[in-house]
Amino acid sequence: MMAGGSWSRPFLSLLNYGTKKYVVAENRRIGLLYRLLQLSILGYICWVFLTKKGYQETDLNMQSTIMTKLKGVSMTNTTESGPVVWGPEDYVIPPQGEAVLFVVTSFIETPNQKLGYCAESPRVLDGLCRGDEDCKKGEMVVAGHGVMTGRCLQTDENSNGTCEIFSWCPIETNSKPRKPLLTSAENFTIYIKNFIQFPKFTFSKCNVLDITDESYLKKCRYDEERHPYCPIFRLGDITKRAGFDFKDIATLGASLGIMIKWDCDLDKDVCNPQYSFIRLDRSISNKSITMGFNFRHTRYFKNADSESYRTLYKVYGIKLNIMVYGQAGKFAILPTATNLGAGLALMGAAVFICDFLLLRITKKKHTYRQRKYEAPSSETAAPEDNMESMEKGNLRAS
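Reading the values: the criteria
Residues numbered from 1 in each chain as written. Predicted model: local features only at pLDDT ≥ 70, side-chain atom pairs only at ≥ 80, totals over all residues. Heavy atoms only, no water. Core = buried A, V, L, I, M, F, W, Y, C linked by side-chain atoms within 4.5 Å. Buried < 20%, exposed > 50% of the residue type's maximum accessible area, 1.4 Å probe, protein only. Helix = DSSP H or I, 4+ residues; strand = E, 2+ residues; numbered from the N terminus. Salt bridge = Lys/Arg side-chain N within 4 Å of Asp/Glu carboxyl O. Phe/Tyr/Trp six-rings, centres within 6.5 Å; stacked < 30°, edge-to-face > 60°. Lys NZ or Arg CZ within 6 Å of the ring centre and 35° of its normal. Pairing = 2+ DSSP bridges.

### Description of the nonpolar core
Judged by nonpolar contacts, the single largest core of 45 residues is most densely connected at Tyr91, Ile190, Ile192, Phe233, Phe277 and Leu320. Elements that contribute at least two residues to this core include exactly strand E2 (63-71), strand E6 (100-119), strand E10 (189-198), helix H5 (235-241), helix H6 (246-250), strand E13 (254-265), strand E14 (273-279) and strand E16 (308-331). Judged by nonpolar contacts, the second largest core, of eleven residues, contains Cys118, Cys135, Cys163 and Ile171.

As structure tokens, then:
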């Protein structure tokens, strides 16, 4: 019977119920640690609710669309094309306005190219030759401008020549601009219209100030202090806010980012755009050959004899990348209860840490453990039972 009882005792102990017993431990270090933990947790709860707005439900699935429009006129006067007036339809690519657009600030022009035979550029390594055998007829010149005809055109017998090719001739002018040709580009203005909506809260807004004065958009220019809600930006100001001088980056081009951040607190009816600007193609040294931005495009035409010609432009300029992001928040019971419950649970963690140190680390751990944990025997009478027994004994004696 005893063996059976000892065997079943561990299983029966699972049915025991433990109740808390509070012991006041006069340990200043543990007490100080407990109060510090409580203050830290209380500060964290306040940070979650006040700074991170833990009482709100958030919507990160923002939907956005961008429309852009540039304005400004500049004039160039080159030996190839003479005086030319450039409008937005000439220097903005693509002209319809998107979230990514390119503004021409300088260019290299190769006018009146015509299909024919000419020498490959000596800067193309695969176009160099010493004899006709180096120019295989019908093959393309790698990183070159046309198809080899099989002839090697040499300037003299002691130097390398270049392969003759069938291409648009003359070959592109190989040079770089020394300064921006569109000198007025610094004063070009870009109008950025941004519509956003948060579907979870059925909320939508535009970055254009909601006023009835039609002349406002004609006069205002974006300024962080005076006109923070004006959607019209001067190109020179954009480069300046990105940390660069316009003339330094307009010569060889650059890629700039315009970030629009929407941080909307719908409980306070606050939802305004915040703009920031950054150069995206910069390197650590700011002298890398990868910095800058350019590409080529052509304009085709025919002369009076219906012969096809083209003008090749290698354009340098500023690529603008408009990026929109943000979130919206509104009060909801579920996140409030969740964050509040998490904070209260952390309060319990402070008790656990201090109990562990008090009962396992301190010098008087055995004493504290005996005081905290007590398992009274079922045979031990409660104080009330002892009192009744004594009263009954007294009655019998009388």
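### Regarding the pattern of salt bridges
For the structure on display, the rule yields ten salt bridges. Among the ionic pairs, aspartate 237 bridges to arginine 234, the shortest N-O distance being 2.9 Å. Note on aspartate 237: relative accessible area 23%, which makes it partly exposed. Relative accessible area serves as the criterion here: at 25%, arginine 234 is assigned to the partly exposed category.

### Side note on the packing of aromatic side chains
The final tally for this structure, using the stated rule, is 16 aromatic pairs. The interplanar angle of 70° and the centroid separation of 6.0 Å between the aromatic rings of phenylalanine 233 and phenylalanine 277 together place this pair among those described as edge-to-face. Note that phenylalanine 233 is positioned in strand E12 (residues 232-234) and phenylalanine 277 in strand E14, a separation of 44 residues in sequence. With respect to burial, phenylalanine 233 and phenylalanine 277 carry one shared label: buried. Against the face of tryptophan 86 rests arginine 299, its NZ or CZ located 5.7 Å from the ring centre.

### Considering the pairing of strand E15 (residues 294-302)
Pairing analysis gives nine bridges linking E15 to E16, with the strands arranged antiparallel. Note that in E16 the partner of lysine 302 across the bridge is serine 308. Hairpin geometry of E15 and E16 is characterised by an intervening segment of five residues between the two adjacent antiparallel strands and by a positive phi of about 65° at serine 306.

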